[in-house]
Amino acid sequence: MQGEPEVAVLRLGHRPGRDERMTTHVGLTARALGADRAVLAGDASKSVDTIADITDRFGGPFAVELTESPRRVLREWDGKVVHLTMYGERVQDVEGAIRRAHRGGDGGVGEPILTVVGSQKVSFDVYEAADWNVGVTNQPHSEVAGLAVFLDRLFDGRELDREWVGADRRVVPEETGKTVVPTDEE
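Positions within a chain are numbered from 1, following the residues in the order the chain's sequence is written. Residue-level local features of this predicted model are given only where pLDDT is at least 70; pairs of side-chain atoms are given and counted only at 80 or more, and the full residue set underlies all totals for whole chains, interfaces and linings. Only hydrogens and water are set aside; all other atoms, that is, all heavy atoms of the structure, feed into the side-chain values.

A. Looking closely at the sheet that holds strand E5 (residues 113-117). What the six strands build is an open sheet, ordered E3-E2-E1-E5-E4-E6; its pairing is parallel. With partners counted over all chains shown, the strands left at the sheet margins are strand E3 (63-67) and strand E6 (132-135), one partner each. Sheet twist, expressed as the mean angle between neighbouring strand axes with direction ignored, is 30°. Contacts between helix H1 (residues 20-32) and the sheet are confined to strand E1 (7-11), strand E2 (37-41) and E5, with E1 contributing the most and set at about 175° to the helix. Here the rule is simple: two strands pair whenever DSSP picks up at least two bridges between them. Secondary structure counts use DSSP, requiring at least four H or I residues in a row for a helix and at least two E residues in a row for a strand, with both numbered from the N terminus. Where helices are involved, their axes are fitted lines through C-alpha atoms of the stretch in contact, as for all axes, and angles between N-to-C directions lie from 0 to 180°. Here a residue-residue contact requires only that any non-hydrogen atoms of the pair lie within 4.5 Å.

Structure (structure tokens):
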């Protein structure tokens, strides 16, 4: 979010053909719910293109990039690491500490947050590298759902009022209907 330390999302693993839609939705959820950028592992160029296209049309700022070495991204991250896993500590038990670390509670300077989401089985070194292994419900569910809940809790819902820059269209909130208008009609 504007004026706060960076929040990035690292998507571990990408199985072409199987994970295209899920990887794309991880990136779109990161964008829509307040992250500054997404780093996608492997051959996820179709997902990168889709996320970049949505950002171009509906606004940013938001960056998306590919990495061939997600472990290097994790190892070289200069900030706190939150790994989302159903095996982690309950989000409601650790969200306050994570929020304070990010915002710099108690008068300190906030730290960037790297939020890690997996696809297939995540190796134990990711659990060890994380400052927090966080479970949203501790039940099997989508990594997209876990990411959405985590980001909403990190930002206390402030991300829902975010202003988008550089959009050429926007969705008009309404009770019924599906209205998208060019931004120059405002």
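B. Here's a closer look at helix H6 (residues 143-155). Expected helix span is computed as 1.5 Å times (number of residues minus one). Relative to the 18 Å expected for 13 residues at 1.5 Å per residue, H6 spans 18 Å between its end C-alpha atoms, a close match to the ideal helical length. Think of it in three bands: with a 1.4 Å probe and only protein chains considered, a residue is buried below 20% of the maximum accessible area for its type, exposed above 50%, and partly exposed in between. All of the buried residues in H6 are Val-144, Gly-146, Leu-147, Phe-150, Leu-151, Leu-154 and Phe-155. For H6, the angular spread of the buried residues around the axis is 160°, confining them to a single face. On its buried face, H6 sits against E1, H1, strand E4 (80-90), helix H4 (91-103) and E5. Near the N-terminus of H6, the side chain that reaches the backbone nitrogen of Val-144, with its oxygen 2.9 Å away, is that of Ser-142. Directly after H6, the chain includes Asp-156, whose backbone phi takes a positive value near 55°. Arc, as used here, means the arc of the directions from the helix axis to the C-beta atoms. In protein, a polar contact means a hydrogen-donor-capable atom and an acceptor-capable atom, both N or O and within 3.5 Å, with residues adjacent in sequence counting only if both atoms are side-chain atoms; elsewhere, any N or O pair within 3.5 Å suffices.

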